[in-house]
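# Fold and geometry: a report
Each chain is listed here by its residues.
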Amino acid sequence: MKLFNYGTTDVGLPLTLIVLSRAQVFDPAIIKKQNKCVLLINNGIHPGEPEGIDASMLFARDMLKKHTLPKNVVICIVAVYNIDGCLNRGLSRVNQNGPASYGFRGNYRNLDLNRDFIKGDSRNTYALEQIINTWKPEIFLDNHTSDGADYQYVMTLIETQKDKQNPILAEYTSKTLSPELYRRMKLNGYEMIPYVEGMRGDDPDAGIVGYLETPRYATGYTAQHNIISYITETHMLKPFDKRVYATYDFMQNLVAINERDAKLIGRLKQEADEQVSGQKTFALNWELDRTKADTITFKGYASGYKTSGVSGLPRLFYDRSKPYTKIIKNYNTYKATITADKPQAYIIPQAWGKIIELFKLNNIVMGRLAHDTTLNLQMYYIGDYKTAPRPYEGHYLHTDVQVNPTDMAVKFYAGDYVVYTNQALNRYIVETLEPQGVDSFFAWNFFDSILGQKEGYSAYVFEDVATDLLTKDPELRKKLDDEKAKDPRLAGSASAQLNFVYRNSPYSEKTYLRYPVGRIVAPTKLDLK
Ligand SMILES: [Zn+2]
């Protein structure tokens, strides 16, 4: 066992990684050359859900004492990820059955670290992404505790949503790895069920829904890296020791299968990376297909309503003296709602430094323009978007983004970054850079400065200039007349017509609403330094 410190967290402490390596090789490059798998276990992203912290310590101790470390798997453990939250002790999870005290969900900046993987607001995120991109695990596990309905299971499981996961990996996880984990856990006395997210609130009888972990989540981010990912969710109302031992058993089973299938898993990861390097079209958002469901056996407790001691009104309760087994519907088919074809390359102006920083952290291969260069390429104008009225995780998220692709010549500067889309991390590149991505940098407000207009005109002055423009440019006059014929609101508004002329004049602000990352769609020779 060797401990490594990475970066720092928002509370000023380094993030410690525990590495368990039977061959005592602790160099990630050599480990890859030896065709061993790396399994990364993360704990305490939500410190109020601490089973994984305890279970990992027990697990590491037992493997070291009993000399049972696997031959083909190097196990990396982040004992406590949200150190800042873990130091903030209390009883903030009021519905949870122990332990006696535990940490708080938010970190020192009150961020939920399990929403921070794309926007990277916390230093914790930089440290963990450095670990992921240094050790390049094939499998990732994030240990949690659930909320929600009551039922008989101690542990529920989220796996990377299969329709969002790389199809080569999805084939293996859905047909081999996941069924085997369910089977083994049942033998251990901890029968599992997929995470119970109700189709209708806390009522599992109405069916459960597969969890969609978009890239803001740990396992959504690792899915972009073609890392097979699981989240354990132990049930909050079960005794703490059982929750810890269930987590322990899950890790033991995951390691055992990884040990057996290490060569296969390594090969599948490589194939998935190659497939993504050549992939042309990428999903940017997904939605549940409510017409598709299969069935699943569910062991719950009868629920009913009784009179509330607080309000005197009816309240929900689960009757643990009435367990039942039912067949319920399991909705777990997602379809892509928006897709984008990748360009040959993206050009990112160096002004957008945080993106360059995040791309470097993720080992994205980038070139830099050798000289100032005017390029004919495709730019997006942001046509429309909605913005949340209140902040979420420190941001006013944009959704329903519409883009108008426009071919134009744009000048870029020496040192601007070129990102070719022939990389294993294409999903991360495209899903963050395409503004319509559910967790794109645009959605997370990285580009809000382009949404404000810098210059304008005084109507009484511009009226004369615009009249002159229309007289000298019959084509512009025709364009205006055509638009007026199509759009009665334009025809009836003097100011809208004046603005139309402005927008189509040489005075208009070309960078207003123009998404600054360029898309090179045609073969273009670039001089890079
Ligand atoms: Zn959690």
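All of these numbers come straight from a predicted model, not from anything done at the bench.

The rules behind these values
- Residues numbered from 1 in each chain as written.
- Predicted model: local features only at pLDDT ≥ 70, side-chain atom pairs only at ≥ 80, totals over all residues.
- Helix = DSSP H or I, 4+ residues; strand = E, 2+ residues; numbered from the N terminus.
- Buried ≥ 20, exposed ≤ 12 C-beta atoms within 10 Å, placed from the backbone.
- Contact = placed C-beta atoms within 7 Å.
- Domains from an automatic or database assignment.
- Nonpolar A, V, L, I, M, F, W, Y, C, P; charged D, E, K, R; others polar.
- Axes fitted to C-alpha atoms, helices over the stretch in contact; angles between N-to-C directions.
- Parallel < 35°, antiparallel > 145°, perpendicular 65-115°, else oblique.
- Left-handed = near helix turned anticlockwise from the far one by under 90°.

## A few points about the overall build of the chain
Looking only at helices and strands, the chain has 14 helices and 19 strands in total. When the backbone C-alpha atoms are referred to their principal axes, the chain occupies close to 85 × 65 × 45 Å. A total of 529 residues make up the chain; the buried ones form 40% of that total. Partitioning the contacts of the chain with sequence separation of at least 6, the portion at a separation of at least 24 is 77%.

## A closer look at the domain arrangement of the chain
When the domains of the chain are assigned, the result is domain 1 (2-278), domain 2 (336-453 + 511-520) and domain 3 (459-503). Look at where the C-alpha atoms of domain 1 and domain 2 centre, and you get two points 30 Å apart. Facing 20 residues of domain 1, the contacting portion of domain 2 comprises 19 residues. For the side of domain 1 that touches domain 2, the secondary-structure elements that each account for two or more residues are helix H4 (123-135) and helix H8 (262-278). When residues of the side of domain 1 that touches domain 2 are assigned to their parent elements, the largest contribution, four residues, is made by H4. Of the residues contributing to the side of domain 1 that touches domain 2, the split by class is five nonpolar, eight polar and seven charged.

## Comments concerning the packing of helix H2 (residues 51-65) against helix H7 (residues 240-260)
At their nearest, the axes of H2 and H7 sit 8 Å apart, and the two run at 55 degrees to each other. With respect to each other, H2 and H7 are oriented oblique. Considering how the two elements wind past one another, H2 and H7 form a crossing that is right-handed. The segment H2 lies against H7, with Glu51, Gly52, Asp54, Ala55, Leu58 and Phe59 engaging Arg243, Val244, Thr247, Tyr248, Met251 and Gln252. Of the residues in the contact of H2 with H7, the class split is six nonpolar, three polar and three charged.

## Here's the deal with unusual backbone geometry
Omega for the peptide link from glycine 98 to proline 99 comes to 5 degrees, which places this bond in the cis form. Note that proline 99 resides in the loop between helix H3 (83-87) and H4. Residues other than glycine seldom take positive phi values, yet asparagine 363 does so here, at roughly 60 degrees. Of note in the backbone geometry, asparagine 445 takes a positive phi value of approximately 75 degrees without being a glycine. Within the secondary structure, asparagine 445 is located in the loop between helix H10 (426-433) and helix H11 (459-472). On the neighbour-count criterion, asparagine 445 (17 C-beta atoms within 10 Å) is partly exposed.

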